[in-house]
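Given next are the chains, with one letter for each unit.
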Amino acid sequence: MSEKENVEGEGFVIKDKRSSQISEDDATFQDEQEIKDQEKQTDSSKEKETEPFQVDFSTFIMSLTSSAFYHLGDMPDPSTGKKEVNLPAVQQTIDMLIMLREKTKGNLKEDEKKLLEQLVYELQVKYVAKTKE
């Protein structure tokens, strides 16, 4: 029966294009190669898991800012799914970011300085908006 022929009752035809003429030695070699490849993938994923997370200044201030957005009620609590507002916590984070801006003046890279300014501004604007609600 050719590939194009359709016999009544058959929905599809499966053709195995793999050669069944592989020697036992070749099959063993291929199996060993597959095992080695899997071990390499496992080793590289373990290396990624054990590498320490790099914390730099930008990451640090982004972490502070994300907690402030959480306290503004912009993000839900992961455990409850509820959004809660805690304005004193937001004010405290803004104060910490302003303190960091003052204490690091002249020591930040330009992109770090811009990021810090932008985050302080955004938090202040959102804080004022929440206090007027």
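In the block above lies the structure referred to throughout.
Residues numbered from 1 in each chain as written. Predicted model: local features only at pLDDT ≥ 70, side-chain atom pairs only at ≥ 80, totals over all residues. Heavy atoms only, no water.

1. A look at the nonpolar core
Membership of the largest hydrophobic core comes to 15 residues, with the highest contact counts inside it found for Ile61, Leu72, Leu97, Leu116 and Leu123. If you list the elements that add at least two residues to this core, you get α2 (57–71), α3 (87–103) and α4 (110–131). Leu116 has contacts with Phe57, Ile61, Leu97, Leu100, Arg101 and Leu108, leaving out every residue within four places of it along the chain. (Core = buried A, V, L, I, M, F, W, Y, C linked by side-chain atoms within 4.5 Å. Buried < 20%, exposed > 50% of the residue type's maximum accessible area, 1.4 Å probe, protein only. Helix = DSSP H or I, 4+ residues; strand = E, 2+ residues; numbered from the N terminus. Contact = heavy atoms within 4.5 Å.)

2. A look at the packing of α3 against α4
Contact pair α3 / α4: the axes reach a minimum separation of 10 Å and the direction vectors enclose 155 degrees. By the angle class used here, α3 and α4 are roughly antiparallel. In this structure, α3 crosses over α4, and the sense of that crossing is left-handed. The residues of α4 that touch α3, namely those facing Leu87, Val90, Gln91, Ile94, Leu97, Ile98, Leu100 and Arg101, are Leu116, Glu117, Val120, Leu123, Gln124, Tyr127, Lys130 and Thr131. Each residue belonging to the contact of α3 with α4 can be placed in one class, and the counts come to ten nonpolar, three polar and three charged. (Axes fitted to C-alpha atoms, helices over the stretch in contact; angles between N-to-C directions. Parallel < 35°, antiparallel > 145°, perpendicular 65-115°, else oblique. Left-handed = near helix turned anticlockwise from the far one by under 90°. Nonpolar A, V, L, I, M, F, W, Y, C, P; charged D, E, K, R; others polar.)

3. Notes on the environment of Lys83
The topology assignment puts Lys83 in the loop between α2 and α3. Its relative accessible area of 55% is what places Lys83 among the exposed residues. Distance in space between the C-alpha atoms of Lys83 and His71 is 8.3 Å, their sequence separation being twelve residues. Contacts of Lys83, omitting those with residues within four sequence positions, involve Gly73, Asp74, Met75 and Pro76.

4. Considering the side chain of Ser58
Looking at the secondary structure, you find Ser58 in helix α2. Residues in contact with Ser58, not counting those within four places in the same chain, are Glu112 and Leu115.

5. As for the side chain of Thr104
Structurally, the position occupied by Thr104 is in the loop between α3 and α4. The exposure class of Thr104 is buried, given its relative accessible area of 15%. Of the polar contacts made by the side chain of Thr104, one reaches the backbone oxygen of Leu100; its length is 2.5 Å. (Polar contact = N/O pair within 3.5 Å; in protein donor to acceptor, adjacent residues only side chain to side chain.)

Read these as layout, nothing more, since geometry by itself doesn't imply function.
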